[in-house]
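Notes for the structure review
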Amino acid sequence: MRWWDIDRVLELEKGLFPEDAWSRGMFWSELAHARGPEATRRYVVALSDGQVVGYAGLAAQGELGDVQTIAVARDHWGTGLGGQLLTELLRAATAFECAEVMLECRVDNTRAQKLYERFGFEAIGFRRGYYQPGNVDALVMRLTTEPGSGPADGPTSGQGTEING
C-alpha cells in the first residue's frame, strides 16, 4: 500500500466498517512506519482490474507481530483473497522475525474467525467493548511459530487478483 492507494482503501473501509472505519490519518500514520531500514509495518493492497478489492496491514515489534487490519470487498468474499492477504502478512511477520502473531476479530465475524483458524490461529481471550461505537467485543487470537519455520503457509487462491505492497 502506498499513499496514492489511501482514497480507494478508505472507500472500501467505510463500506465494510461503517461504525468503526479507520481515518485517513490512521492509514497515513501506519504507512509512515512501513518504509526504510527501520520499518515496523507491512501494508498491502489487492487489485482486480485496477480496483482495490482488499487490503491488509501488520505491525511488528520485537518478536511480536500484530494484524492491524484485513479487509476484502464483499463481491470478492469466498475467492480466497482473504487467505492471500493473510499469507502476505505472515510472510512479513517471518521477515520481521516474529515468533508469534496476534490479532483481534469481532466476536460476530465468524467468517474471519474461520479463516484465521485455518491458518492455525487459536483463540486466547476477549477484549470487552473493543470495537466502538458499537461496543462489540473482540476475540483475541494468536499464532505461534516454531523457531526457524515461517508462518506463511496456508491455503491460497484468488484468481486474477494482484497483491501490491
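Let us look at the structure shown here.

Cut-offs used in this document
- Residues numbered from 1 in each chain as written.
- Predicted model: local features only at pLDDT ≥ 70, side-chain atom pairs only at ≥ 80, totals over all residues.
- Heavy atoms only, no water.
- Helix = DSSP H or I, 4+ residues; strand = E, 2+ residues; numbered from the N terminus.
- Buried < 20%, exposed > 50% of the residue type's maximum accessible area, 1.4 Å probe, protein only.
- Contact = heavy atoms within 4.5 Å.
- Areas by Shrake-Rupley, 256 points an atom, 1.4 Å probe, with all protein chains shown as cover.
- Phe/Tyr/Trp six-rings, centres within 6.5 Å; stacked < 30°, edge-to-face > 60°.
- Lys, Arg positive; Asp, Glu negative; His and termini not counted.
- Salt bridge = Lys/Arg side-chain N within 4 Å of Asp/Glu carboxyl O.
- Polar contact = N/O pair within 3.5 Å; in protein donor to acceptor, adjacent residues only side chain to side chain.

1. Points about the overall build of the protein
- When helices and strands are counted, the protein shows four helices and seven strands.
- Moving toward the C terminus, one meets the helices and strands of the protein in the order α-α-β-β-β-α-β-α-β-β-β.
- Residue burial in the protein is summarised as follows: out of 165 residues, 46% are buried.
- Look at the contacts in the protein between residues 6 or more apart in sequence, and 61% of them connect residues 24 or more apart.
- Accessible area for the protein stands at about 8800 Å²; split by element, carbon and sulfur atoms hold 48% of it.

2. Regarding the environment of Met 1
- With respect to the element layout, Met 1 can be found in the segment before α1 (6-16).
- Of the residues examined, Met 1 reaches a relative accessible area of 2% and is grouped as buried.
- Along the sequence, Met 1 and Phe 27 sit 26 residues apart, while their C-alpha atoms lie 9.6 Å from each other.

3. With respect to the packing of aromatic side chains
- Applying the stated criterion to the full structure yields five aromatic pairs.
- Arranged with centres 5.9 Å apart and planes meeting at 80°, the rings of Phe 27 and Tyr 55 form a pair that is edge-to-face. Here Phe 27, found in helix α2 (residues 24-32), pairs with Tyr 55, found in strand β2 (residues 51-61); they are 28 residues apart in sequence, far enough to count as distant. Each member of the pair, Phe 27 as well as Tyr 55, carries the same accessibility label: buried.
- Pairing Tyr 116 with Phe 121 gives two aromatic rings, centres 5.8 Å apart and planes at 65°, and the pair type is edge-to-face.

4. Details of the side chain of Asp 66
- With respect to the helices and strands, the residue Asp 66 is situated in strand β3 (residues 64-72).
- No salt bridge is formed by the buried Asp 66. Its closest oppositely charged neighbour is Arg 127, at 6.3 Å.
- Among the polar contacts listed, one links the side chain of Asp 66 to the side chain of Gln 68, at a separation of 2.5 Å.
- If near-sequence neighbours (up to four positions away) are discounted, Asp 66 is found in contact with Gly 57, Leu 58, Ala 59, Met 102, Leu 103 and Glu 104.

5. Brief notes about the pattern of salt bridges
- Counted by the stated rule, this structure contains nine salt bridges.
- Of the charged contacts, one joins Arg 8 and Asp 5 as a salt bridge, the two residues approaching to 2.9 Å between their closest N and O atoms.
- On the basis of relative accessible area, Arg 8 is assigned to the partly exposed category, the value being 29%.
- Taking the shortest distance from any N to any O, the salt bridge between Arg 106 and Asp 108 comes out at 3.0 Å.
- A relative accessible area of 21% means that Arg 106 is categorised as partly exposed.

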